[in-house]
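Residue-level structure breakdown
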Amino acid sequence: MAFYITTPIYYVNAEPHLGHAYTTVVADALARFHRALGEEVRFQTGTDEHGDKVQEAARKAGLPVREFVDRISASFRRCWDEMGIAYDRFIRTTEAAHIRVVQEVLARLHHTGDIYFGDYGGLYCFGCERFYLERELVDGRCPDHQTAPTYLREENYFFRMSRYQEWLVGYIEDHPDWIRPERYRNEVLGFLREPLEDLCISRPARRLSWGIPLPFDERFVAYVWFDALLNYVSGLDYPDGAAFASFWPVAQHLIAKDILKPHAVYWPTMLKAAGIEPFRHLNVHGYWQMATGKMSKSLGNVVEPLTLISLYGNDQVRYFFLREMVFGLDATFSEELLVQRLNADLANDLGNLFARSLGMAFRYRQGVVPAPAEAAARDREVAQTAREVAADFLRLFPELEFPKSLSRVWELVSHLNHYIVDTAPWELAKEPAAASRLDTVLYHLLEGLRWLAALLQPVMPASSRKMSGQLGLGEELFRPPLTRVLTWGGLPPGTRLGKGPPLFPRLEAVK
RNA sequence: GGCGGUGUAGCUCAGCUGGUUAGAGCAUGCGGCUCAUAUCCGCAGUGUCCGGGGUUCGAAUCCCUGCACCGCCA
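Comments concerning the overall build of chain A
When its secondary structure is counted, chain A shows 19 helices and 15 strands. Viewed in the frame of its principal axes, chain A has a C-alpha envelope of about 95 × 45 × 40 Å. At a minimum sequence separation of 6, the contacts of chain A that also span at least 24 residues come to 77%. Accessible surface, chain A: about 22,100 Å² in total, of which carbon and sulfur atoms supply 51%. Each charge sign in chain A was given a centre, from 57 positive and 64 negative side chains, and these centres are 3 Å apart.

Below is the structure:
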């Protein structure tokens with residue numbers, strides 16, 4: 001089995017923000033999940049570096065474009081590195097290999113007649129780098145820039161996207177989970193009920209020089225989306241690379257809802273025209289709505305990912321992202337919600353469960369995993385719950401049901417907390433005759449913790465390792481496949497437990 | 001303007017193809033335990049299921065309509 005996940009390549013006209021971080025964390029968690037299962041995994045992210053807005057941002061920053069894009073791209077890369085994002089490939093659209101693929105595809109589509117030369121006249125907004133229809137304007141001005149567009153009549157190259165509309169509709173109808181969740185599939189189908197226009201895929205070089213030149217006409221550069229989307233295959237060394245052969249057939253894209261159209265319409269029709277099989281899934285997520293209002297520099301409520309993790313911890317933020325946002329829907333972000341969630345789930349439930357369990361193992365058994373005697377009914381319930389939770393988690397997580405899969409795991413956490421109360425080890429410890437009963441209880445408890453550490457590795461990789469360390473297990477707990485690790489009784493009696501500080505210290509409430 | 005979505009306890013939300021006293025988590029109040037990060041466990045709630053019609057023996061769940069918010073398209 002192979003697994004290929006991509007984030008969008010991020011546009012380098014601004015620094016990484018919360019939304020970028022969410023997408024990237026989700027991709028990373030999925031990649032880790034599939035690696036844990038022992039699958040061959042490829043995870044690609046990167047930066048989108050061409051186009052008008054980049055050129056403009058560089059001008060504002062007073063830097064040569066090349067230097068500017070190097071700087072912002074590095075900033076994204078550093079952000080992901082500091083967040084422990086384990087990507088396999090960081091692609092930049094300014095790489096020679098990528099440019100070569102874009103030009104190769106352009107040349108081919110030009111040759112087959114899917115790209116043609118034509119002209120188009122209309123009202124053009126330089127800020128948006130696009131034409132507007134009369135009716136889209138607000139008081140005759142661009143709705144985004146509040147500037148009056150200019151009438152331009154110009155010749156350009158067009159991609160014959162309309163030719164593939166019927167095919168695309170059929171493909172979406174035949175593959176119900178191709179675009180998911182369903183709401184976005186419906187949105188695309190709704191959009192495709194109207195006739196599809198051909199896509200203008202060139203920009204005159206005299207207006208925009210920062211782009212990939214069309215191989216058949218140097219007076220033009222490629223439209224940024226035509227350039228950018230191809231990263232998903234150029235990063236696999238399309239057309240001849242081994243990576244392309246093994247990973248493209250299982251490609252899954254991860255995007256935010258704002259770039260649905262390019263990914264659900266432009267990209268598949270481009271692939272079809274180029275004779276490349278469609279990707280396997282387009283996974284679309286929603287937005288983080290700031291409880292403080294729309295994020296803006298002037299409001300001073302911009303949340304920088306690195307600031308956030310330095311305040312609350314990387315795994316903590318990852319957990320919050322996955323636990324709090326139903327994939328596909330919008331969710332609310334505030335530090336207050338974050339603190340609430342971290343205290344309730346991580347400090348009180350999970351962290352405290354580890355602390356009390358390990359505490360008893362040290363106090364009553366000198367920090368050595370005892371050998372269990374015969375399991376009683378109550379003990380078998382623990383094992384049974386662990387199995388059921390793990391089975392659900394393994395099914396739900398790859399289907400992007402993150403809150404559901406995690407709340408299932410927390411049912412195991414809760415079950416173990418109940419188990420402690422039900423069995424009252426501190427009472428058993430007083431009774432010498434109950435020694436083997438205490439051994440059995442402690443063993444089941446610690447084995448339950450081992451399952452938690454293993455299950456949570458895609459979500460909280462560093463914390464999982466701390467948990468494993470406290471259980472005296474180290475890295476072997478994470479050796480794939482996870483399904484083999486999840487065998488009840490895998491914790492060897494006699495293992496020396498490790499002492500450690502609280503996994504998730506309680507946080508003070510913020511106002 | 002067209003299409004679609006959402007509206008359920010203070011908060012975040014489950015409730016699929018209609019059927020026992022409408023649920024979970026968080027927050028709140030009270031009680032218990034003491035292994036633990038003032039943590040854990042138990043108990044207690046409160047809801048005109050957006051409003052109004054209708055179908056039905058029976059609707060949060062289906063139909064119509066109104067309102068509010070949101071998204072996509074124009």
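As for the pattern of salt bridges
Taken as a whole and judged by the stated rule, the model has 26 salt bridges. In this structure, Arg32 engages Asp28 in a salt bridge whose closest nitrogen and oxygen atoms are separated by 2.7 Å. Placement of the pair is Arg32 and Asp28 together in helix H1 (residues 18-36), with a separation of 4 residues, close to one helical turn. Grouping residues by exposure puts Arg32 and Asp28 together as buried. Asp330 is the salt-bridge partner of Lys257, the closest N and O atoms lying 2.9 Å from each other. One end of the pair, Lys257, is in the loop between strand E12 (251-256) and helix H10 (260-274); the other, Asp330, is in the loop between helix H12 (314-324) and strand E15 (331-333), and 73 residues separate them in sequence. With relative accessibility at 26%, the residue Lys257 sits in the partly exposed group. The class for Asp330 is partly exposed, based on a relative accessible area of 32%. It is possible to trace a salt-bridge network through shared partners that takes in Asp392, Arg395, Arg408 and Glu411.

Thoughts on unusual backbone geometry
That bond from Arg180 to Pro181 is cis: its omega, 0°, falls within 30 degrees of zero. Mapped onto the elements, Pro181 comes out in the loop between strand E7 (179-180) and helix H6 (182-191). The omega torsion of the bond from Pro480 to Pro481 falls at 0°, within 30 degrees of zero and hence cis. Take Pro481: it is sitting in the loop between helix H18 (461-470) and helix H19 (482-485). Phi at Gln366 is positive, roughly 55°, even though this residue is not glycine. When you line up the elements, Gln366 lands in the loop between helix H13 (335-365) and helix H14 (377-396). Gln366 gets classed as exposed once you look at its relative accessible area, which sits at 55%. In this structure, Leu400 takes a positive phi of about 70° despite not being glycine. As for its position among the elements, Leu400 is in the loop between H14 and helix H15 (402-423). The class of Leu400 is buried, set by a relative accessible area of 5%.

Regarding the packing of helix H5 (residues 165-174) against H6
For any two helices packed against each other, one specifies the inter-axial angle together with the distance between the axes. Where H5 contacts H6, the axes come no closer than 11 Å and their chain directions differ by 155°. The angle between H5 and H6 falls in the class roughly antiparallel. In this structure, H5 crosses over H6, and the sense of that crossing is left-handed. In contact with Val169, Ile172 and Glu173 of H5, H6 contributes Arg185, Val188 and Leu189. The residue inventory of the contact of H5 with H6, partitioned by class, reads 4 nonpolar, no polar and 2 charged.

Notes on the packing of aromatic side chains
If you walk through the whole model with that rule in mind, you get 32 aromatic pairs. A centroid spacing of 6.2 Å and a plane angle of 55° characterise the contact between Phe76 and Trp80, whose relative ring orientation is tilted. In this pair, Phe76 and Trp80 both sit in helix H3 (residues 65-82), 4 residues apart, roughly one turn of the helix. For the pair shown, Phe76 and Trp80 are each scored as buried. Grouping aromatic residues by their ring pairs yields a cluster made of Tyr22, Trp288, Phe320, Phe321 and Phe333. Note that Arg465 overlies the ring of Phe478, its terminal NZ or CZ placed 4.2 Å from the centroid. When the ring centre of Phe362 is taken as origin, the NZ or CZ atom of Lys499, which lies over that ring, is 3.9 Å away.

What counts and what doesn't
- Residues numbered from 1 in each chain as written.
- Chains lettered and ligands numbered in written order.
- Predicted model: local features only at pLDDT ≥ 70, side-chain atom pairs only at ≥ 80, totals over all residues.
- Heavy atoms only, no water.
- Helix = DSSP H or I, 4+ residues; strand = E, 2+ residues; numbered from the N terminus.
- Contact = heavy atoms within 4.5 Å.
- Areas by Shrake-Rupley, 256 points an atom, 1.4 Å probe, with all protein chains shown as cover.
- Lys, Arg positive; Asp, Glu negative; His and termini not counted.
- Charge placed at Lys NZ, Arg CZ, Asp CG, Glu CD.
- Salt bridge = Lys/Arg side-chain N within 4 Å of Asp/Glu carboxyl O.
- Buried < 20%, exposed > 50% of the residue type's maximum accessible area, 1.4 Å probe, protein only.
- Axes fitted to C-alpha atoms, helices over the stretch in contact; angles between N-to-C directions.
- Parallel < 35°, antiparallel > 145°, perpendicular 65-115°, else oblique.
- Left-handed = near helix turned anticlockwise from the far one by under 90°.
- Nonpolar A, V, L, I, M, F, W, Y, C, P; charged D, E, K, R; others polar.
- Phe/Tyr/Trp six-rings, centres within 6.5 Å; stacked < 30°, edge-to-face > 60°.
- Lys NZ or Arg CZ within 6 Å of the ring centre and 35° of its normal.

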